[in-house]
Amino acid sequence: MHSKEQISHDEYQKAADWLTSQTRHRPQVAIICGSGLGMLADTLKSQNSFAYSDIPGFPQSTVQGHAGRLVFGELNGKTCVCMQGRFHMYEGHSLCKTTFPIRVFKLLGVETLIVTNAAGSLVDGLHIGDIMIIKDHINFPGLVGFNPLTGPNDDKFGPRFPAMSSCYDKGLRCLAMEVAKELDVAGIMQEGVYAMVGGPNFESIAEARLLHCLGVDAVGMSTAPEVVVATHCGMRVFGLSLITNKVGKSYEDSDSVNHEGVLEVGRLRSDTVQKLVTEIIRRMEINNNTNNAV
Ligand SMILES: O=P(O)(O)O[C@H]1O[C@H](CO)[C@@H](O)[C@H]1O
Ligand SMILES: Nc1nc2[nH]cnc2c(=O)[nH]1
């Protein structure tokens, strides 16, 4: 499944131009809603929303809990665009398709990307319903060559060999912890390492043990490609994982994970995630002098 698909600069530009012609909003912040977290988009004021099927070049969402709509609007003084539904490698999309919206956002002038996801915990300290601030990731598909940046480099977006050593912005991570304390949810929040696996199956016991040995705190099937592409084009990134399940590491465990359970935890914690994200957005500084569009 080593995709040879390439997307031209013109195709990203076409989607950006179409969106610019349909909405007066010029977003500074983009938010990707993880499984069961689509309600984040509902908080935007003066909304304009578009079905992915109407946007030139956008793939379609196929996963339950991912509505497939792009929502523009205002949130606490910032103009935002929210993906109510993301694309996953396991849906059969090429990685450059799963990350297509990120470069469109760049062309729209977005400078900060907020990613959220549902993930399984591999460590004792992260419980169901906890929220992990992503400090770093392990991009397992990327390590073996499944990378959205594979193919000719588009220098207009970024360099051939981008660094990934500080892709989750430290300032925003600190801000998130401050906000968590003020909202009295610091007890359910901590930083950790997210790993992306290809999915769509959940982990076997032996795989879970391997991930644990490798220093993974939470595992999911998304996010890393989006963050790689955003970092490549110079966006500031902040990420949150909602812990929706514990990943079984013992053959004695009887609990087994399923997507309905993942979505249910998303619904139960939606309010907290929403409050955190909206407060972080309110307080984050935006560099108004920079038009990031390339
Ligand atoms: O990463 P998000 O989209 O939040 O979803 C996570 O939850 C789904 C599995 O229940 C998988 O798609 C996994 O990646
Ligand atoms: N791979 C993986 N993805 C998830 N998404 C939500 N929970 C999980 C999990 O336990 N494993």
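Here the structure is a predicted model, which means the values were calculated and not measured. (Residues numbered from 1 in each chain as written. Chains lettered and ligands numbered in written order. Predicted model: local features only at pLDDT ≥ 70, side-chain atom pairs only at ≥ 80, totals over all residues.)

A tally of helices and strands in the chain yields 8 helices and 9 strands. A compact globule built from 294 residues would reach a C-alpha radius of gyration of about 19 Å, and the chain, at 18 Å, matches this within 12%. Sorting the 294 residues of the chain into buried and exposed places 47% on the buried side. (Helix = DSSP H or I, 4+ residues; strand = E, 2+ residues; numbered from the N terminus. Rg over C-alpha atoms; globule rule 2.2 N^0.38 Å. Buried ≥ 20, exposed ≤ 12 C-beta atoms within 10 Å, placed from the backbone.)

Around ligand 1 sit 13 residues in total, of which Gly34, Ser35, Asn117, Met221 and Ser222 are the nearest. For the shell around ligand 1, the class distribution of residues is 4 nonpolar, 8 polar and 1 charged. (Near = placed C-beta within 6 Å. Nonpolar A, V, L, I, M, F, W, Y, C, P; charged D, E, K, R; others polar.)

We now examine the environment of Ala186. Here Ala186 is to be found in the loop between helix H5 (170-182) and strand S7 (189-196). Linking Ala186 and Pro159, residues 27 residues apart in sequence, is a C-alpha distance of 37 Å. The residues contacting Ala186, other than those within four sequence positions of it, are Met177, Ala180 and Lys181. (Contact = placed C-beta atoms within 7 Å.)

Burial within S7 is extensive, with 6 of its 8 residues counted as buried. Of the strand pairs in this sheet, strand S6 (residues 131-139) and S7 are connected by 8 bridges, and their pairing is parallel. From the neighbouring strand, Ile133 faces S7, where its bridge partner is Glu191. Across 3 bridges, the pairing between S7 and strand S8 (residues 218-220) is parallel. Bridge assignment links Met196 to a residue of S8, and that residue is Gly220. Viewed along the sheet, the connection from S7 through helix H6 (residues 205-213) into S8 turns out right-handed. (Pairing = 2+ DSSP bridges. Right-handed = clockwise from strand over helix to strand, strands pointing away.)

Moving on, we get to the site of ligand 2. Close contacts around ligand 2 come from 15 residues, with Ala118, Gly120, Val219, Gly220 and Val247 the closest. At the level of elements, strand S5 (112-121), S8 and strand S9 (236-246) are the ones that each hand at least two residues to the shell around ligand 2. For the shell around ligand 2, the leading source of residues is S5, giving 3 residues. Here the shell around ligand 2 is composed, by residue class, of 9 nonpolar, 5 polar and 1 charged.

On to the packing of H5 against helix H8 (residues 259-283). The N-to-C vectors of H5 and H8 enclose an angle of 120 degrees; their axes lie 10 Å apart at closest approach. One way to sum up the angle between H5 and H8 is to call them oblique. Considering the relative orientation of H5 and H8, their crossing is right-handed. From H5, Leu172, Leu175, Ala176, Val179 and Ala180 reach across to H8, where they touch Leu276, Glu279, Ile280 and Arg283. In terms of residue class, the contact of H5 with H8 is made up of 7 nonpolar, no polar and 2 charged. (Axes fitted to C-alpha atoms, helices over the stretch in contact; angles between N-to-C directions. Parallel < 35°, antiparallel > 145°, perpendicular 65-115°, else oblique. Left-handed = near helix turned anticlockwise from the far one by under 90°.)

Core analysis: the largest hydrophobic core is formed by 84 residues, its most contacted members being Ile31, Cys82, Leu113, Ala218, Val219 and Val237. Contacts of Ala218, omitting those with residues within four sequence positions, involve Ala119, Gly120, Ser121, Leu122, Leu126, Met132, Gly192, Tyr194, Ser241 and Ile243. (Core = buried A, V, L, I, M, F, W, Y, C linked by C-beta atoms within 7 Å.)

For helix H1 (residues 9-22), spanning 14 residues, the distance from its first C-alpha to its last is 20 Å, which sits close to the expected 20 Å at 1.5 Å a residue. Of the residues making up H1, those classed as buried are Tyr12, Ala15, Ala16 and Leu19. Along the axis of H1, the buried residues cluster in a sector spanning 95 degrees; they form a single face. Facing away from the buried side of H1, by more than 90 degrees, are the exposed residues Asp10 and Ser21. The inward-facing, buried residues of H1 abut helix H3 (100-108). (Expected span 1.5 Å × (residues − 1). Arc of directions from axis to C-beta.)

In this section: the UniProt feature "binding site: phosphate" (unreviewed entry) in the chain. Using the residue numbers shown here, the UniProt feature "binding site: phosphate" (unreviewed entry) corresponds to Ser35, His66, Arg86, Phe87, His88, Ala118 and Ser222. The largest pairwise C-alpha distance within this set of annotated residues, which runs over 188 residues, is 13.6 Å, so the set is compact in three dimensions. Note on placement: His88 falls in the loop between strand S4 (78-84) and helix H2 (95-98). Exposure remark for His88: the 22 C-beta atoms within 10 Å place this residue in the buried category. Apart from residues no more than four positions distant in its own chain, His88 is found in contact with Val63, Thr98, Gly199, Met221 and Ser222. Within the fold, Ala118 resides in strand S5. Residues contacting Ala118, with those up to four places away along its chain left out, are Gly34, Ser35, Gly36, Gly220, Leu242, Thr244, Val262 and Gly266. (UniProt positions renumbered as here; feature names shortened; annotations may be inferred.)

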